[in-house]
Amino acid sequence: GNRVEVVRGPVAELGAGPGLPRLAVADLSHNLIRELAPEVGLLAGLCSLSLDHNRLAAFPAPLSRLTRLQQLGLAHNAIPVVPPQIGALSGLRQLRLNNNVIASLPLEIGRLSQLEVLRLEGNSG
């Protein structure tokens, strides 16, 4: 299928294999992920990605290439900064950044004209 769920698995990093470009939904919440491999940016069909409850200490750079994303979950990590590249994700409808250490957002967040839900509570930046 076009869906992968590895919820509460022992996953420590996320790469991309040759069969994954058509992947549409990936739920990788509740793992030990600290970073994403650059190849994740090649998952062009991805429209929903949950990386909530992981160990991300930075906004994963490959995400800015996933322009079809409609839902992105990065809650409950240790992300301090949202980069200006967030503006490239113009199809986002839901963005969960709650419970990180984010002190401010870039102006480019204003480019997310489809955004319906933006969660920021619990940030201690």
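For the structure itself, consult the block above.
Residues numbered from 1 in each chain as written. Predicted model: local features only at pLDDT ≥ 70, side-chain atom pairs only at ≥ 80, totals over all residues. Heavy atoms only, no water.

Chemist: What's the story with the pattern of salt bridges in this structure? I'm lost.
Modeler: Opposite charge on two side chains permits pairing when their charged atoms draw close. Per the counting criterion, the structure on display carries three salt bridges. Between Asp-52 and Arg-96 there is a salt bridge, with the nearest N and O atoms lying 2.5 Å from each other. On the criterion of sequence distance, the pair formed by Asp-52 in the loop between strand E3 (48–50) and strand E4 (71–73) and Arg-96 in strand E5 (residues 94–96) is long-range, its members being 44 residues apart. In this structure, Arg-93 and Glu-116 form a salt bridge, with 3.1 Å as the shortest nitrogen-oxygen distance. A residue pair is termed long-range when its members are at least 10 positions apart, and Arg-93 in the loop between E4 and E5 and Glu-116 in the loop between E5 and strand E6 (117–119) qualify at 23 residues. (Salt bridge = Lys/Arg side-chain N within 4 Å of Asp/Glu carboxyl O. Helix = DSSP H or I, 4+ residues; strand = E, 2+ residues; numbered from the N terminus.)

Chemist: Would you mind going over the environment of Leu-36 with me for this structure?
Modeler: Positionally, Leu-36 belongs in the loop between strand E2 (25–27) and E3. Leu-36 gets classed as buried once you look at its relative accessible area, which sits at 9%. Taking C-alpha positions, Leu-36 is 8.7 Å from Leu-63, a pair spaced 27 residues apart along the chain. (Buried < 20%, exposed > 50% of the residue type's maximum accessible area, 1.4 Å probe, protein only.)

Chemist: I'm lost on the nonpolar core in this one. Help?
Modeler: Within soluble globular proteins, side chains that are nonpolar generally end up buried alongside one another. In terms of nonpolar packing, the biggest core is built from 27 residues, with Leu-49, Leu-72, Leu-74 and Ile-86 touching the most fellow members. For Leu-74, the contacting residues outside a window of four places in its chain are Leu-51, Asp-52, Leu-56, Phe-59, Pro-60, Leu-63, Ile-79, Arg-96, Leu-97 and Asn-100. (Core = buried A, V, L, I, M, F, W, Y, C linked by side-chain atoms within 4.5 Å. Contact = heavy atoms within 4.5 Å.)

Chemist: Even after reading the chapter, I still don't get the environment of Pro-60, so can you show me in this structure?
Modeler: Mapped onto the fold, Pro-60 is located in the loop between E3 and E4. Residues Pro-60 and Pro-38, spaced 22 residues apart in sequence, show a C-alpha to C-alpha distance of 8.9 Å. Beyond its immediate stretch of four places on either side in the chain, Pro-60 contacts Leu-36 and Leu-74.

Chemist: Looking at this model, I keep getting lost on unusual backbone geometry. Mind explaining?
Modeler: Where the residue is not glycine, phi is negative for most of them; where a peptide bond is considered, it is trans in most cases. Here His-76, not a glycine, exhibits a phi torsion of approximately 60 degrees, which is positive. A relative accessible area of 32% places His-76 in the partly exposed class.

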